[in-house]
Amino acid sequence: GESVGLHLPTLSVQEGDNSIINCAYSNSASDYFIWYKQESGKGPQFIIDIRSNMDKRQGQRVTVLLNKTVKHLSLQIAATQPGDSAVYFCAESRGNFNKFYFGSGTKLNVKP
Amino acid sequence: DAGITQSPRHKVTETGTPVTLRCHQTENHRYMYWYRQDPGHGLRLIHYSYGVKDTDKGEVSDGYSVSRSKTEDFLLTLESATSSQTSVYFCAISETGQEQFFGPGTRLTVL
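Residues numbered from 1 in each chain as written. Chains lettered and ligands numbered in written order. Predicted model: local features only at pLDDT ≥ 70, side-chain atom pairs only at ≥ 80, totals over all residues. Heavy atoms only, no water.

## Quick notes on the sheet that holds strand β1 (residues 4–7) of chain B
Across a sheet, strands are paired by hydrogen bonds formed along the backbone, either parallel or antiparallel in direction. All names here are of chain B. Read across the sheet, four strands follow the order β1-β3-β8-β7 without closing on themselves; strand pairing throughout is antiparallel. Whereas interior strands pair on both sides, the edge strands pair on one side only; in this sheet they are β1 and β7 (64–70). This sheet shows a mean twist of 20 degrees between the axes of neighbouring strands, independent of strand direction. Pairing between β7 and strand β8 (residues 73–78): five bridges, direction antiparallel. If you follow Tyr64 over to β8, its bridge partner there is Leu78. (Pairing = 2+ DSSP bridges. Helix = DSSP H or I, 4+ residues; strand = E, 2+ residues; numbered from the N terminus. Axes fitted to C-alpha atoms, helices over the stretch in contact; angles between N-to-C directions.)

## Focus: the sheet that holds strand β2 (residues 19–24) of chain A
Residue and element names in this part refer to chain A. Strand order across the open sheet formed by four strands is β2-β7-β6-β5, with antiparallel pairing between neighbours. What marks the edges here is a single partner per strand, and that holds for β2 and β5 (56–58). Taking each pair of neighbouring strands and ignoring which way they run, the sheet shows an average axis angle of 15 degrees.

## What about the interface of chain A and chain B?
Facing 25 residues of chain A, the contacting portion of chain B comprises 29 residues. When the two sides are added together, the surface that chain A and chain B hide from each other amounts to roughly 2,200 Å², 55% of it contributed by carbon and sulfur. At the junction of chain A and chain B, the tally comes to three residue pairs in polar contact (both at pLDDT 80 or more). Put simply, the parts of the chain that give the side of chain A that touches chain B at least two residues each are β3 (32–38), β4 (45–51) and β9 (100–102) of chain A. (Contact = heavy atoms within 4.5 Å. Buried area = accessible area lost by both parts, 1.4 Å probe. Polar contact = N/O pair within 3.5 Å; in protein donor to acceptor, adjacent residues only side chain to side chain.)

## Brief notes about the side chain of Thr106 of chain B
Residues and elements named next belong to chain B. As for its placement among the helices and strands, Thr106 is situated in strand β11 (residues 106–110). Using a relative accessible area of 0% as the deciding quantity, one classes Thr106 as buried. A polar side-chain atom of Thr106 sits 3.5 Å from a polar atom in the side chain of Gln6. A distance of 2.6 Å separates the side chain of Thr106 from the backbone oxygen of Pro8, its partner in a polar contact. (Buried < 20%, exposed > 50% of the residue type's maximum accessible area, 1.4 Å probe, protein only.)

## With respect to the pattern of salt bridges
Counting across every chain of the model gives nine salt bridges over all chains. For the salt bridge of Asp55 of chain A with Lys68 of chain A, the shortest nitrogen-to-oxygen distance reads 3.4 Å. Of this pair, Asp55 of chain A sits in the loop between β4 and β5 while Lys68 of chain A sits in the loop between β6 (62–67) and β7 (72–77), and the two are 13 residues apart along the sequence. By relative accessible area, Asp55 of chain A is classed as exposed at 54%. On the basis of relative accessible area, Lys68 of chain A is assigned to the partly exposed category, the value being 38%. Here Asp38 of chain B and Arg36 of chain B are joined by a salt bridge, their closest N and O atoms 2.8 Å apart. (Salt bridge = Lys/Arg side-chain N within 4 Å of Asp/Glu carboxyl O.)

## Concerning the state of the cysteines
In the structure shown here, the tally under the stated rule is two disulfides over all chains. For Cys23 of chain A, the disulfide goes to Cys90 of chain A, at an S-S distance of 1.7 Å. Of this pair, Cys23 of chain A sits in strand β2 while Cys90 of chain A sits in strand β8 (residues 86–93), and the two are 67 residues apart along the sequence. Across the disulfide from Cys23 of chain B sits Cys91 of chain B; the S-S distance is 1.9 Å. (Disulfide = S-S within 2.5 Å.)

## Digging into the pairing of β8 of chain B
All names here are of chain B. Burial runs high along β8: five of the six residues are buried. Examined bridge by bridge, strand β3 (residues 19–25) and β8 share six bridges and lie antiparallel to one another. In the sheet register, Arg22 faces β8, and the bridge partner there is Leu75. Taking the residues between adjacent antiparallel strands as the criterion, β7 and β8 are bridged by two residues.

Right, here's the structure in full:
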């Protein structure tokens with residue numbers, strides 16, 4: 001697989017703790033959001049999505065929160081595990097679900 | 001990787017030469033996408049396809065063309081490669097146009 005070495009903001013957490021990764025978006029017209037996880041040497045992997053008519057959505061060990069007032073998205077990972085170490089991207093779509101705009105990513109480093 | 005392959009996986013070429021990258025899927029998904037990933041920019045959409053022979057431009061389409069003559073194949077062509085096109089290229093597929101599944105990527109270096 002391939003990956004790109006990025007000078008990314010890094011979040012370091014202890015194994016077992018909860019992680020919160022944040023994303024700010026700029027366009028108030030964005031109405032659909034996705035969080036992706038990218039492990040070293042691989043392509044991005046879908047984690048969870050949320051539409052703009054929702055404030056919160058939960059998956060397995062993950063929760064996405066959307067605050068449209070301040071155009072902010074967050075991903076919460078419960079009981080973070082070493083396998084969660086990766087780069088996390090948010091992506092937004094504006095009306096046309098085929099055109100997604102990705103953030104620059106946050107690197108999550110889980111310490112054992 | 002959800003039945004997506006990309007070829008070649010690595011390529012080094014010279015400025016001015018044509019380059020074609022291939023994305024092949026075995027999922028029969030309607031939508032296919034080409035992205036490039038560069039440091040500090042995340043992923044940026046180059047072109048996408050919403051069916052055979054149906055394509056549209058993305059955020060950074062200049063210098064790239066695409067073709068989709070079969071459901072399973074989506075080709076990305078750099079007619080005359082430039083150094084600014086050195087990047088990692090990802091193909092993605094989607095059944096609905098929402099959740100996308102990504103391929104393993106192609107690292108392209110233009111000297």
